[in-house]
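Here is what each chain is made of, one letter per residue.
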Amino acid sequence: MIIYGVGILAFCYVVGQIFGEFIGKFIGVDANVGGVGFAMILLILINDWLKKKNYLDTSTEKGILFWSQMYIPIVVAMSATQNVKVAVSSGFMAILAGIVPVLICIAVIPFLAKISKSSQID
């Protein structure tokens, strides 16, 4: 059922926000650092784990799939409301916390493309 997708999404979001707040405080930034991203990763991991354990019935899987697809537009809308000025004024660590993941993603793209090509050939 779709309600299960909402429940799992809500759980992931709350855990991600708590983790993002913790990371922010840990590195000395007065902001949530990556909470929504952590929530997205947690949603993917939980969904994969539930599939592997065969705990998902068809309606629950459809609910999770629906909310997974809705999650990216929701993230974009939420990130548009974040206070970038506060994050930037918090210091070098906040700027570094934004730049490093982007650089890592850029560096990983060729590797992912290579994996994608090799899996399509097999």
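This text goes with the structure placed above it.
Here we summarise the structure given alongside this text. What you see is a predicted model; the values in this text were computed from it and never measured.

Secondary structure summary: the protein contains 5 helices and 0 strands in total. The order of helices and strands in the protein, counted from the N terminus, is α-α-α-α-α. Relative to its 122 residues, the protein shows a buried fraction of 20%. In the protein, the share of contacts with a sequence separation of at least 24, taken over all contacts with a separation of at least 6, comes to 61%. Carbon and sulfur atoms provide 73% of the accessible area of the protein, an area that totals close to 8,800 Å².

Membership of the largest hydrophobic core is limited to 8 residues, which are Ile8, Leu9, Cys12, Leu43, Ile46, Leu50, Leu56 and Ile64. Contributions of two or more residues to this core are made by helix 1 (2-26) and helix 2 (35-52). When residues no more than four places from it in sequence are discounted, the contact partners of isoleucine 64 are Gly5, Ile8, Asn47, Leu50 and Leu56.

Before going further, it helps to examine the packing of aromatic side chains. Counted according to the given criterion, the structure contains 3 aromatic pairs. Considering the side-chain rings of phenylalanine 19 and phenylalanine 38, the 4.5 Å spacing of their centres and the 85° angle between planes classify their relative orientation as edge-to-face. Of this pair, phenylalanine 19 sits in helix 1 while phenylalanine 38 sits in helix 2, placing them 19 residues apart in sequence.

This brings us to the side chain of asparagine 47. Note that asparagine 47 resides in helix 2. We classify asparagine 47 as buried; its relative accessible area is 16%.

Moving on, we come to helix 2. What sets the pattern is the α-helix's 3.6 residues per turn: residues three or four places apart point alike. For helix 2, built from 18 residues, the straight-helix expectation of 26 Å at 1.5 Å per residue is met to within 8% by its first-to-last C-alpha distance of 26 Å. Buried residues of helix 2: Gly35, Val36, Ala39, Leu43, Ile46, Asn47 and Leu50, and no others. Considered in projection along helix 2, the buried side chains sweep an arc of 110° and stay on one side of the axis. Turned more than 90 degrees away from the buried face of helix 2 sit Ile44, Leu45 and Lys52, all of them exposed. Phi for asparagine 54, located one or two positions after helix 2, is positive at around 55°.

Moving on, we come to the pattern of salt bridges. Should the charged atoms of two oppositely charged side chains come close, the side chains can pair. Inspection of every chain in the model, using the stated rule, returns 1 salt bridge. For aspartate 48, the salt bridge identified is with lysine 52, shortest N-O distance 3.3 Å. Here the residue aspartate 48 and the residue lysine 52 both occupy positions in helix 2, the gap between them amounting to 4 residues, near one helical turn.

The rules behind the values
- Residues numbered from 1 in each chain as written.
- Predicted model: local features only at pLDDT ≥ 70, side-chain atom pairs only at ≥ 80, totals over all residues.
- Heavy atoms only, no water.
- Helix = DSSP H or I, 4+ residues; strand = E, 2+ residues; numbered from the N terminus.
- Buried < 20%, exposed > 50% of the residue type's maximum accessible area, 1.4 Å probe, protein only.
- Contact = heavy atoms within 4.5 Å.
- Areas by Shrake-Rupley, 256 points an atom, 1.4 Å probe, with all protein chains shown as cover.
- Core = buried A, V, L, I, M, F, W, Y, C linked by side-chain atoms within 4.5 Å.
- Phe/Tyr/Trp six-rings, centres within 6.5 Å; stacked < 30°, edge-to-face > 60°.
- Expected span 1.5 Å × (residues − 1).
- Arc of directions from axis to C-beta.
- Salt bridge = Lys/Arg side-chain N within 4 Å of Asp/Glu carboxyl O.

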